[in-house]
Amino acid sequence: MQTVLSQALHTPRLIVRAIQENDLPDLFKVFSDDTVTRFLPYITWEDTLAAHSWYARAREMAAQASAVQCVIVDKESSQVIGSCLLFRFDTESERCELGYALAQSHWGGGYMAEALRALLTHAFGEMGINRVEAEVDPRNPASAQLLRKLGFTQEGLLRQRWKMKGEIKDTWMFSLLRDEWQAANRPG
Ligand SMILES: CC(C)(COP(=O)(O)OP(=O)(O)OC[C@H]1O[C@@H](n2cnc3c(N)ncnc32)[C@H](O)[C@@H]1OP(=O)(O)O)[C@@H](O)C(=O)NCCC(=O)NCCS
């Protein structure tokens, strides 16, 4: 199992590629929005210091081979409009978790589904991952619907799993398996 994104991934409207430091100004527009960060495990960015410490953590996780942090680039504008990541790699079990966030200006256009289809194809193919997990706050229906649309199974509710931003939170556990993805996306 690999824990790196070996190439940029192209879709009709988007490029999914590894993050670079010069993506931070565009990402600031995404993560300085309380509506975007509402269900994410980190606080809304208020200044460039927050952006740089987030980036330092992403670099550290990449160095430890524990996460692949990607950005989503809109081909038409060349702007970074969101991020997606694979993290908590368990190489023995060929498993990881999936996270994602999109600029509010682009919600509802199928952009994240398009980006994640490319990332999941790469994860189940070249990276050799067998199971991808995603946790969703029950109050985040767009995220749950996105995962269902991609073929994830909603496995169960983990009660009071997190204490985050002063709240105790339940979480839905979703998962998708390599066999399921490959059966649903066989060419022809
Ligand atoms: C979750 C998120 C990435 C979705 O991005 P997106 O590009 O708008 O997603 P898509 O358009 O591909 O799909 C979203 C689906 O949810 C549906 N949806 C949107 N809002 C909804 C709501 N309030 N209730 C039910 N479904 C909803 C859309 O109709 C679409 O489903 P459909 O294609 O079957 O109609 C985006 O809302 C986001 O970045 N949210 C903030 C960050 C976040 O919460 N990340 C997830 C943490 S688990």
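Here, every reference points to the structure presented above.
The present account deals with the structure reproduced in this document.

In space, the 8 strands of this open sheet follow the order E1-E2-E3-E4-E5-E6-E8-E7, with mixed pairing throughout. The open sheet has two edge strands, strand E1 (9–10) and strand E7 (153–164), and neither has a second partner. Sheet topology places strand E2 (residues 14–18) next to strand E3 (residues 67–74); 5 bridges connect them, and they run antiparallel. Bridge pairing in E3 places alanine 18 opposite cysteine 70.

A word on the pairing of strand E6 (residues 131–136). Of all 6 residues making up E6, 5 are buried, and the element is well covered by its neighbours. Strand direction decides the pairing type here: strand E5 (residues 95–102) and E6, joined by 3 bridges, are parallel. Each residue of the ladder has a partner; that of cysteine 96, found in E6, is valine 132. Since E5 and E6 lie parallel, the crossover through helix H4 (residues 111–124) that links them has a hand, and here it is right-handed.

As a further point, take the packing of helix H1 (residues 24–31) against helix H3 (residues 48–63). Angle between the axes and distance between the axes are the two parameters that describe a pair of packed helices. Relative orientation of the contacting elements H1 and H3 amounts to 105 degrees, with a least axis distance of 10 Å. Judged by the inter-axis angle, H1 sits roughly perpendicular to H3. Contacts from Leu24, Leu27, Phe28 and Phe31 of H1 reach H3 at Thr48, Ala51, His52, Trp54 and Tyr55. Taken together, the residues of the contact of H1 with H3 break down into 7 nonpolar, 2 polar and no charged.

Bringing the site of the ligand into the picture now. In the vicinity of the ligand there are 20 residues, among which Tyr100, Leu102, Gly108, Asn140 and Lys149 approach most closely. Measuring from an oxygen atom of the ligand, one finds a backbone N or O atom of glycine 108 at 2.6 Å. In the complex, 72% of the free accessible area of the ligand, which totals 960 Å², lies under the protein chains. Of all the elements in the fold, those that place two or more residues in the shell around the ligand are E5, H4 and helix H5 (141–149). Per-class residue counts for the shell around the ligand are 12 nonpolar, 6 polar and 2 charged.

Another point: the nonpolar core. Leu98, Tyr100, Leu116, Leu119, Leu120 and Phe152 are the most contacted members of the largest nonpolar core, which totals 38 residues. Looking at this core, the elements that each hand over two or more residues are E2, E3, strand E4 (79–90), E5, H4, E6, H5 and strand E8 (167–177). The contacts of leucine 119, once residues within four sequence positions are left out, are Leu5, Leu9, Cys70, Cys84, Leu86 and Leu98. Judged by nonpolar contacts, the second largest core, of 17 residues, contains Trp45, Ala51, Tyr55 and Val73.

Now for the side chain of threonine 44. With respect to the secondary-structure elements, threonine 44 resides in the loop between helix H2 (34–37) and H3. The class of threonine 44 is buried, set by a relative accessible area of 13%. In terms of polar contacts, threonine 44 uses its side chain to reach the side chain of threonine 37, at 2.6 Å. Non-local contacts of threonine 44, meaning those with residues more than four positions away in its chain, are made with Phe31, Ser32, Asp33, Asp34 and Thr37.

It is worth spelling out the pairing of E4 at this point. Among the 12 residues in E4, 9 count as buried, and that is most of the element. With 8 bridges connecting them, E3 and E4 associate as antiparallel partners. Among the inter-strand pairings, valine 68 is bridged to a residue of E4, identified as leucine 86. Connecting E3 to the next strand, E4, in antiparallel fashion are 4 residues, including serine 78 with a positive phi near 60 degrees. Where E4 lies against E5, 7 bridges are found, and the strand directions are antiparallel. Note that in E5 the partner of leucine 85 across the bridge is glycine 99. With antiparallel pairing between neighbouring strands as the criterion, E4 and E5 make up a hairpin whose turn holds 4 residues, including glutamate 94 at a positive phi of roughly 50 degrees.

Cut-offs and rules
Residues numbered from 1 in each chain as written. Predicted model: local features only at pLDDT ≥ 70, side-chain atom pairs only at ≥ 80, totals over all residues. Heavy atoms only, no water. Pairing = 2+ DSSP bridges. Helix = DSSP H or I, 4+ residues; strand = E, 2+ residues; numbered from the N terminus. Buried < 20%, exposed > 50% of the residue type's maximum accessible area, 1.4 Å probe, protein only. Right-handed = clockwise from strand over helix to strand, strands pointing away. Axes fitted to C-alpha atoms, helices over the stretch in contact; angles between N-to-C directions. Parallel < 35°, antiparallel > 145°, perpendicular 65-115°, else oblique. Contact = heavy atoms within 4.5 Å. Nonpolar A, V, L, I, M, F, W, Y, C, P; charged D, E, K, R; others polar. Near = heavy atom within 4 Å. Polar contact = N/O pair within 3.5 Å; in protein donor to acceptor, adjacent residues only side chain to side chain. Areas by Shrake-Rupley, 256 points an atom, 1.4 Å probe, with all protein chains shown as cover. Core = buried A, V, L, I, M, F, W, Y, C linked by side-chain atoms within 4.5 Å.

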